[in-house]
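Structural overview
Letter by letter, the chains look like this.
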Amino acid sequence: MAAGATIAPLDRVHEEGSVLCTVVDVHGVEEEVIVVPCGDGVRAWHNRCTHEDFRLDRGFGVIYRQGEIVCAKHGSTFDTCSGYCDNGDAKDTTLPEVEVACEDGDVVLADDAYTFLHEGGLDDGDDGDDMPGSTSHIGF
Ligand code: FES
């Protein structure tokens, strides 16, 4: 599925707080992406802290504190809408963005640099186990 593939219903991202999915770039490198609410819409970011490559969603949803994405390793927080971090070890960095759009109530991939593979993390591909992807979130 190329850009334009449906990732998840928009309502679900807002209800559940985040949706984890896996995409592949033009070089064949698979990348986890978190789709998170931003106002009435959504944004999508690489699922890796800019400090030490730590997964922001480790399979249990994104952690939020005061509306910001929290890195569980050292506690830096990232703005859900800009991806920018103004604190802690990841200060003055921004999460790499993956472009998404809202179409007819769904979140769709809108980034020509990536192809949508599946919902869930790298290890959640279609291996026949029918395990659900990560959709819950944790808040403080
Ligand atoms: S790994 Fe995220 S703040 Fe250090």
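Sequence order as written defines residue numbering, which begins from 1 separately in each chain. For this predicted model, a pLDDT threshold of at least 70 governs which residues receive local features, and a threshold of 80 or more governs which side-chain atom pairs are given and counted, while totals over whole chains, interfaces and linings are taken from all residues. Hydrogen atoms and water are omitted, and side-chain values are computed over all heavy atoms in the structure.

1. Thoughts on the sheet that holds strand E12 (residues 114-119)
Which entries qualify depends on this criterion: Strand pairing is defined by DSSP finding a minimum of two bridges between the two strands. The secondary structure listing takes helices from DSSP runs of H or I that are at least 4 residues long and strands from runs of E that are at least 2 residues long, numbered from the N terminus. Whenever a helix is involved, its axis is fitted only over the stretch in contact; in every case the axis is a line through C-alpha atoms, and angles between N-to-C directions fall within 0 to 180 degrees.
Read across the open sheet, the 4 strands follow the order E4-E3-E2-E12; overall the sheet is antiparallel. Only two strands of the sheet have a single partner each, and these edge strands are strand E4 (41-46) and E12. Each strand axis lies, on average, 35° off the axis of its neighbour in the sheet, ignoring direction. Direction of pairing for strand E3 (residues 30-38) relative to E4: antiparallel, over a ladder of 6 bridges. From the neighbouring strand, Pro37 faces E4, where its bridge partner is Val42.

2. Considering the pattern of salt bridges
Heads up, the rule is: Should a side-chain nitrogen of Lys or Arg be within 4 Å of a carboxyl oxygen of Asp or Glu, the pair is scored as a salt bridge. When a residue's accessible area, from a 1.4 Å probe over protein chains only, is under 20% of the maximum for its type it is buried; when over 50% it is exposed; and in between it is partly exposed.
Applying the stated rule across the entire model yields 6 salt bridges. A salt bridge links Arg12 to Glu16, with the shortest nitrogen-to-oxygen separation between them at 3.3 Å. Of this pair, Arg12 and Glu16 both sit in helix H1 (residues 10-16), 4 residues apart, which is roughly one turn of that helix. One salt bridge connects Asp53 with Arg48, and the closest N-O pair in it is separated by 2.9 Å. Its relative accessible area of 29% is what places Arg48 among the partly exposed residues.

3. Some points on the state of the cysteines
Quick note on the threshold: The criterion for a disulfide is a pair of cysteine sulfur atoms lying within 2.5 Å.
Across all of its chains, the model carries 1 disulfide by this definition. There is a disulfide in this structure between Cys38 and Cys81, and the S-S distance comes to 2.1 Å. As the torsion about the S-S bond is roughly 115°, the Cys38-Cys81 disulfide counts as right-handed. Here Cys38 is found in strand E3, whereas its partner Cys81 is found in the loop between strand E7 (77-79) and strand E8 (84-85), with 43 residues between them in sequence. Here Cys81 falls in the partly exposed class, since its relative accessible area comes to 30%. Cys38 supplies the cysteine sulfur nearest to Cys102, a cysteine that is in no disulfide, at a spacing of 9.8 Å. Residue classification places Cys102 among the partly exposed residues on the basis of a relative accessible area of 40%.

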